[in-house]
Amino acid sequence: MAIDIQGIPDKIQFAVDGKYENAWVIDINDPRPTEEQLQDYLIKEEFSELVVEYIWRSSDGENANVVTIGKNDNLLAKNSIDFMKLTLDVFYDYGNFEDFVNYIDRKIIGFDFLFKAPLDAIRVGVLNHWFSVGPVDLWRRGEILPTLESIKTKVATNPRLTPTSLNYQAIAFIFNLDRKLRGPYHVIKAPAAKKTEAGWEIDCEKSYNLISNWVKLLHT
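Residues numbered from 1 in each chain as written. Predicted model: local features only at pLDDT ≥ 70, side-chain atom pairs only at ≥ 80, totals over all residues. Heavy atoms only, no water.

(A) Looking closely at the overall build of the protein. The helix and strand tally for the protein stands at six helices and ten strands. The C-alpha radius of gyration computed for the protein amounts to 17 Å, which stays within 12% of the reference 17 Å derived for 220 residues, consistent with globular compactness. With respect to the principal axes defined by its C-alpha atoms, the protein has extents near 50 × 35 × 35 Å. Expressed as a percentage of the 220 residues in the protein, the buried residues total 53%. Put simply, of all contacts in the protein between residues at least 6 apart along the chain, 66% involve residues at least 24 apart. Summed over its atoms, the accessible surface of the protein is roughly 10500 Å², and 48% of this surface lies on carbon and sulfur atoms. When the 25 basic and 32 acidic side-chain charges of the protein are each reduced to a single mean position, those positions are 4 Å apart. (Helix = DSSP H or I, 4+ residues; strand = E, 2+ residues; numbered from the N terminus. Rg over C-alpha atoms; globule rule 2.2 N^0.38 Å. Buried < 20%, exposed > 50% of the residue type's maximum accessible area, 1.4 Å probe, protein only. Contact = heavy atoms within 4.5 Å. Areas by Shrake-Rupley, 256 points an atom, 1.4 Å probe, with all protein chains shown as cover. Lys, Arg positive; Asp, Glu negative; His and termini not counted. Charge placed at Lys NZ, Arg CZ, Asp CG, Glu CD.)

In C-alpha cells form, the structure reads like this:
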C-alpha cells in the first residue's frame, strides 16, 4: 500500500457495535489503561463486535486521519482483552505507518491482510456520529468511481451531514464490509471537511480529488 500517514496517532478509541458516539477515547498523554479498566469496559454491556480506532491529528478536522479495525474470531488475538492490549501496545510504541500496518498483520491478525483485500465501499460521514447522523454511500465495488457532480448529489440526500457542529466529516475507504473474508473489517478515513461559520461542511471538490488519488494508492 502506497499510502503513508505521517506523524503519530494522538488518540485511540474503542467502540462496540458501531456505537462511536459512546467510544472510550484515550489520549496519547493519558496513562495506559490497566487490565482491570479494560475488563470493566468489556463487561459494561453485551456486544457483537469490538472495534479500535487510531486517530492522527485528532484536533485538526481538515487534516485528521483514522484507521478502524474490527475484531473477529479468526484473528491471532483470539479474545477481546488480548486484542485491546495489543492495539494499545502499538499505540503507545508507535514508529511509523508501515511498521504499524506490519505489526497489526503480524501480531493481531496473524497474516498479511490490512488494506490488501479489494476495496468494498466508499462512504462519507461525521466522525463519531456515523450512524446517528447517517453516512452516505458514495461508491460500491463494481460501480464506476464517483464524479464531482455525483458526490454533490449524494451528499445532498442527507441534510444533517453538512453543515454540522458535531464534528468534522471524513471519507471512509472500507475493506471487508460484509465480513466474508477471514481477516477483519477495517477502514481508513481521510478528511473531507472545511470549517466555516455554519460549522463543518463537506468539501466536495476535496472529496473527489481524495477519492481519485487514494483509490489508486490503496491498490499500489
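(B) Just helix H6 (residues 204-218), in detail. An ideal rise of 1.5 Å per residue puts 21 Å on 15 residues; H6 measures up with 20 Å between its terminal C-alpha atoms. Residues of H6 that are buried: Cys204, Ser207, Leu210, Ile211, Trp214, Val215 and Leu218. Projection of H6 onto a plane perpendicular to its axis shows the buried side chains occupying an angular sector of 120°, all on one side. With respect to the buried face of H6, the exposed residues turned more than 90 degrees away are Glu205 and Lys216. Where H6 begins, the capping side chain belongs to Asp203, and its oxygen is found 3.3 Å from the backbone nitrogen of Glu205. (Expected span 1.5 Å × (residues − 1). Arc of directions from axis to C-beta. Polar contact = N/O pair within 3.5 Å; in protein donor to acceptor, adjacent residues only side chain to side chain.)

(C) Up close: the pattern of salt bridges. In the structure shown here, the tally under the stated rule is 13 salt bridges. Linking Arg123 and Asp137 is a salt bridge whose minimum nitrogen-to-oxygen distance equals 2.5 Å. With a gap of 14 residues between them, Arg123 in strand E5 (residues 119-126) and Asp137 in strand E6 (residues 136-140) connect regions that are remote in the sequence. Classification of Arg123 by relative accessible area gives buried; the value is 15%. (Salt bridge = Lys/Arg side-chain N within 4 Å of Asp/Glu carboxyl O.)

(D) Geometry of the nonpolar core. Residues Tyr54, Phe97, Phe100, Ile104, Phe173 and Ile188 are the most contacted members of the largest nonpolar core, which totals 60 residues. Excluding residues within four positions of it along the chain, Phe100 makes contact with Tyr54, Trp56, Val67, Val90 and Tyr94. Listed in part, the 19 residues of the second largest apolar core include Ala23, Ala64, Val187 and Trp200. (Core = buried A, V, L, I, M, F, W, Y, C linked by side-chain atoms within 4.5 Å.)

(E) Up close: the packing of aromatic side chains. A complete count under the given rule lists 14 aromatic pairs for this structure. Taking the centre distance of 5.9 Å and the plane angle of 70° together, the rings of Phe111 and Phe113 count as edge-to-face. Residues Phe115 and Phe175 carry aromatic rings whose centres are separated by 5.6 Å and whose planes lie at 75° to one another, so their mutual orientation is edge-to-face. A residue pair is termed long-range when its members are at least 10 positions apart, and Phe115 in the loop between helix H3 (97-109) and E5 and Phe175 in strand E7 (residues 169-175) qualify at 60 residues. For Phe175, a relative accessible area of 0% gives the class buried. Chaining the aromatic ring pairs together yields one cluster made of Tyr54, Trp56, Tyr94, Phe97, Phe100, Phe115 and Phe175. (Phe/Tyr/Trp six-rings, centres within 6.5 Å; stacked < 30°, edge-to-face > 60°.)

(F) Region of the structure containing the side chain of His129. For His129, the position within the fold is in the loop between E5 and helix H4 (130-133). His129 sits in the buried class, given a relative accessible area of 18%. Setting aside residues up to four positions removed in sequence, His129 forms contacts with Glu21, Gly134, Leu166 and Asn167.

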